[in-house]
Amino acid sequence: YDGLRLTALTKRYPNGFTAVRGIDLDVPRGSFFALLGPSGCGKTTTLRMVAGLESPTSGSIELAGNDITGAKPYRRPVNTVFQNYALFPHLDIFENVAFGMRRRKVADVDAKVGEMLDLVELGPQARKKPAQLSGGQQQRVALARALVNQPEVLLLDEPLGALDLKLRRSMQIELKRIQTEVGLTFVHVTHDQEEAMTMADTVAVMNAGVIEQMGSPAELYENP
Ligand code: ADP
Ligand code: ADP
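Note that the structure is a prediction, hence the values are computed from the model and not measured.

Chemist: Let's hear about the pattern of salt bridges: which residues, and what values?
Modeler: In a structure, side chains of opposite charge can pair up when their charged atoms sit close to one another. Going through the model one piece at a time under the given rule, you end up with 15 salt bridges. Between Asp-192 and Arg-168 there is a salt bridge, and its shortest N-O distance comes to 3.3 Å. Pair noted here: Asp-192 is in the loop between strand 8 (185-190) and helix 6 (193-199) and Arg-168 is in helix 5 (residues 165-182), with a separation of 24 residues, a long-range link. You can call Arg-168 buried: its relative accessible area is 19%. With a shortest N-O distance of 3.7 Å, Arg-169 and Asp-192 are connected by a salt bridge. Pair noted here: Arg-169 is in helix 5 and Asp-192 is in the loop between strand 8 and helix 6, with a separation of 23 residues, a long-range link. Residue classification places Arg-169 among the partly exposed residues on the basis of a relative accessible area of 25%. With relative accessibility at 12%, the residue Asp-192 sits in the buried group. Each of Asp-92, Glu-95, Arg-102, Asp-110 and Arg-127 takes part in one network of salt bridges that share partners.

Chemist: I'd like to hear about the packing of aromatic side chains, residue by residue, with values.
Modeler: Each aromatic ring pair is described using two quantities: the centre-to-centre distance and the angle formed by the ring planes. According to the stated counting rule, one finds 2 aromatic pairs in the structure shown. Measuring from ring centre to ring centre gives 5.6 Å for Phe-32 and Phe-186, while their planes differ by 45°; the resulting arrangement is tilted. One end of the pair, Phe-32, is in strand 3 (residues 32-36); the other, Phe-186, is in strand 8, with 154 residues separating them in the sequence. Judged by its relative accessible area of 0%, Phe-32 is buried. Under the relative-accessibility criterion, Phe-186 is labelled buried at 0%.

Chemist: Talk me through the layout of surface pockets; I want residue IDs and the actual numbers.
Modeler: To locate leftover empty space, one rolls a probe as large as a water molecule over the atoms. Of the pockets and cavities examined, the largest pocket occupies roughly 800 Å³. In terms of lining residues, the largest pocket is bounded by 29 residues, among which Val-78, Asn-79, Arg-104, Arg-145 and Asn-149 are the most central. Among the elements that line the lining of the largest pocket, the one with the most residues is helix 2 (residues 93-103), at 6 residues. The residue inventory of the lining of the largest pocket, partitioned by class, reads 18 nonpolar, 7 polar and 4 charged. By volume, the second largest pocket is sized at about 250 Å³. As for the second largest pocket, its lining consists of Lys-112, Glu-115, Met-116, Leu-119, Leu-147, Val-148, Gln-150, Pro-151, Val-182 and Leu-184.

Each value, and the rule that gives it
For every chain, the first residue of the written sequence is number 1, and numbering continues from 1 along that sequence. Each chain gets a letter, beginning with A, and each ligand a number, beginning with 1, in the order they are written. In keeping with the model being predicted, local features are shown solely for residues with a pLDDT of at least 70 and side-chain atom pairs are shown and tallied solely at 80 or more, while totals for entire chains, interfaces and linings include all residues. Only heavy atoms go into the side-chain values, all of them from the structure, while hydrogens and water stay out. For this analysis, a salt bridge means a side-chain nitrogen from Lys or Arg found within 4 Å of a carboxyl oxygen belonging to Asp or Glu. Put simply, DSSP marks the helices as runs of H or I at least four residues long and the strands as runs of E at least two long, and each gets a number from the N terminus on. For the exposure calls, accessible area comes from a 1.4 Å probe over protein chains only, and a residue counts as buried if that area is under 20% of its type's maximum, exposed if over 50%, partly exposed in between. Two rings belonging to Phe, Tyr or Trp (six-membered ring only in the last case) form a pair when the distance between their centres is within 6.5 Å. Interplanar angles under 30 degrees mark stacking, angles over 60 mark edge-to-face geometry, and anything in between is tilted. Every definition here rests on a 1 Å grid over the protein atoms only: cavities are sets of points where a 1.4 Å probe fits but cannot get out, pockets are open sets enclosed by protein on both sides within 12 Å along at least five of seven lines, and lining residues have some atom within 4 Å of a point. Grid points are joined across faces, edges and corners, and a volume is the space filled by probe spheres set on the points. Residues are grouped as follows: Ala, Val, Leu, Ile, Met, Phe, Trp, Tyr, Cys and Pro are nonpolar; Asp, Glu, Lys and Arg are charged; all remaining types, including Gly, are polar.

Okay, structure coming up:
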């Protein structure tokens, strides 16, 4: 399977609470996949296991046929955008996006960052500080920073949750455009049904640690 495959994935926290209960999920390569469900149903826990920030109690995670269940986070071709994306306040936008690559002494940093800022339509803002940007623009910087490392999978944990409704709707369109342009696999976590239905190719509905339903938005509208 060339996508992201979760098999019987389970997370039981040390306090005994089982947040994720043996879920099976196939996320097609290059798709916009939404994980939809109410607060506390286990979405973040699932993402954190995929990112390698939390180790599963049992089950496995495969990416393009490779078992990455036990791999260190930095060894996974996976990147995450959280709701509380922390930008460095003292660095300008360009350097915020370049930061990780400069540390790793990657080649052609300036060209890569310039290209990515164009993609998120922040080229003219490159030399501004985060505080000079709107919330939506800052979110796009966080997105550029996650994408510039060319992960195979981008995990988005309620990335629009801190934005007001109007901005959220415009960022939904923007995010969808970016995903289509870069063609990467996006796994987008949200509790907002409309958001999942308008953005995703495939929606998995999670509740109390299990996947209750999965399908295209059209299929889910037909069988609610
Ligand atoms: P969601 O992202 O869907 O809001 P989470 O994955 O954050 O859900 O949490 C799922 C459940 O697991 C919640 O009931 C939460 O309180 C619980 N939980 C999360 N982290 C821990 C932890 N470190 N220890 C114990 N329970 C946790
Ligand atoms: P989310 O944004 O998914 O709702 P939370 O704010 O619930 O996340 O959780 C923030 C942090 O607190 C996470 O690291 C999570 O693992 C931890 N956490 C959440 N619920 C619990 C819990 N019941 N017991 C211990 N830690 C928890």
